[in-house]
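# Structural overview
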Amino acid sequence: MKKEIFRTIKYFLIASSAGLIEMVSFALLTELSGWPYWPCYLIALILSVLWNFTLNRRYTFHSCNNIAVAMCKVAAYYAVFTPLSTVLGNYLAETAGMNGYLVTLLNMLFNGVTEYLYQRFVVFGKSIDSRS
């Protein structure tokens, strides 16, 4: 039990660093590019996913399973999450008039919880702690 609590805390610390990368890149793209919400969000999301996957695979889940297989499983999660969060986020920011930063923060919170559960039980479930 203690090990799982520590693993969860470690995941969310690393995910927070990915969140920082996402917010900074989103802010830079939003403020400097003049692009609408969706491309700024999408680029920022991709950067944070790469960071989060790489670090959590190694330091949180200690997995030595096939990287390509693990990445395909994560890609399957994002094949669902990305279009939904991009379309909904774009609607909320561009049509409903919500603040784009708030929409991105809400997406990040939802993503953090659901991705942790997905990675913990689907992506790395059988290979946790297999890396020495």
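One structure accompanies this document, and this report is about it. (Residues numbered from 1 in each chain as written. Predicted model: local features only at pLDDT ≥ 70, side-chain atom pairs only at ≥ 80, totals over all residues. Heavy atoms only, no water.)

### With respect to the packing of helix H2 (residues 37–60) against helix H4 (residues 100–123)
Note the following rule: Axis definition: a line fitted to C-alpha atoms, over the contacting stretch in the case of helices. Angles run 0 to 180 degrees between N-to-C directions. Secondary structure elements are taken from DSSP: a helix is a run of H or I of four residues or more, a strand is a run of E of two residues or more, and numbering for both begins at the N terminus. Angles are sorted into four bins: roughly parallel if under 35 degrees, roughly antiparallel if over 145, roughly perpendicular if 65 to 115, and oblique for all others. Helix crossings are classified by the rotation of the near helix relative to the far one: an anticlockwise turn of less than a right angle makes the crossing left-handed, while a clockwise turn makes it right-handed. What makes two residues a contact is simply this: any of their non-hydrogen atoms within 4.5 Å. Residues are grouped as follows: Ala, Val, Leu, Ile, Met, Phe, Trp, Tyr, Cys and Pro are nonpolar; Asp, Glu, Lys and Arg are charged; all remaining types, including Gly, are polar.
Where H2 contacts H4, the two axes come as close as 12 Å, and the packing angle between them is 30°. If you check the angle between H2 and H4, you find them roughly parallel. For the pair H2 and H4, the crossing hand works out as right-handed. Contacts between H2 and H4 involve Tyr37, Tyr41, Leu45, Asn52 and Asn56 from the first element and Gly100, Val103, Thr104, Asn107, Asn111, Glu115 and Gln119 from the second. Taken together, the residues of the contact of H2 with H4 sort by class into four nonpolar, seven polar and one charged.

### Side note on a nonpolar patch on the surface
So the rule is basically this: Distance thresholds for patches are 9 Å for like charges and 5 Å for nonpolar side chains (Val, Leu, Ile, Met, Phe, Trp, Tyr), applied to residues having over 30% relative accessible area and no salt bridge. Where accessible areas are quoted, they stem from the Shrake-Rupley method and a 1.4 Å probe; at the residue level, only the protein chains shown are allowed to cover. In what follows, salt bridge is the name for a side-chain nitrogen of Lys or Arg lying within 4 Å of a carboxyl oxygen of Asp or Glu. Partly exposed residues are those whose accessible area sits between 20% and 50% of the maximum for their type, while under 20% is buried and over 50% is exposed, using a 1.4 Å probe and protein chains only.
Among the surface-exposed residues, Phe12, Val113, Leu117, Phe121 and Val122 lie close enough to one another that they form a single nonpolar patch of about 440 Å² accessible area. When residues of the nonpolar patch are assigned to their parent elements, the largest contribution, four residues, is made by H4. Accessibility expressed as a relative area gives 55% for Phe121, which makes it exposed.

### Looking at helix H3 (residues 67–95)
The following threshold applies: In this scheme, a helix's expected span is set at 1.5 Å multiplied by one less than its residue total. Bend, in this description, refers to the angle at a residue between axes fitted to the seven residues ending there and the seven starting there. Within 3.5 Å is the distance limit for a polar contact, defined as a pair of N or O atoms, with the added protein rule that one can donate a hydrogen and the other accept it, and that residues adjacent in sequence qualify only through two side-chain atoms.
Its 29 residues place the ends of H3 39 Å apart at the C-alpha level, agreeing with the 42 Å of an ideal helix rising 1.5 Å per residue. If you look at H3, its biggest bend is around 30°, right at Tyr78. Among all positions of H3, only Ala70, Val74, Tyr77, Tyr78, Phe81, Thr82, Ser85, Thr86, Gly89 and Ala93 are buried. For H3, the N-terminal capping position is held by Asn66, with its side-chain oxygen 2.8 Å away from the main-chain nitrogen of Ala68. A positive phi of about 80° marks Gly97, the residue just after H3.

Any functional reading would require information beyond the geometric quantities listed.
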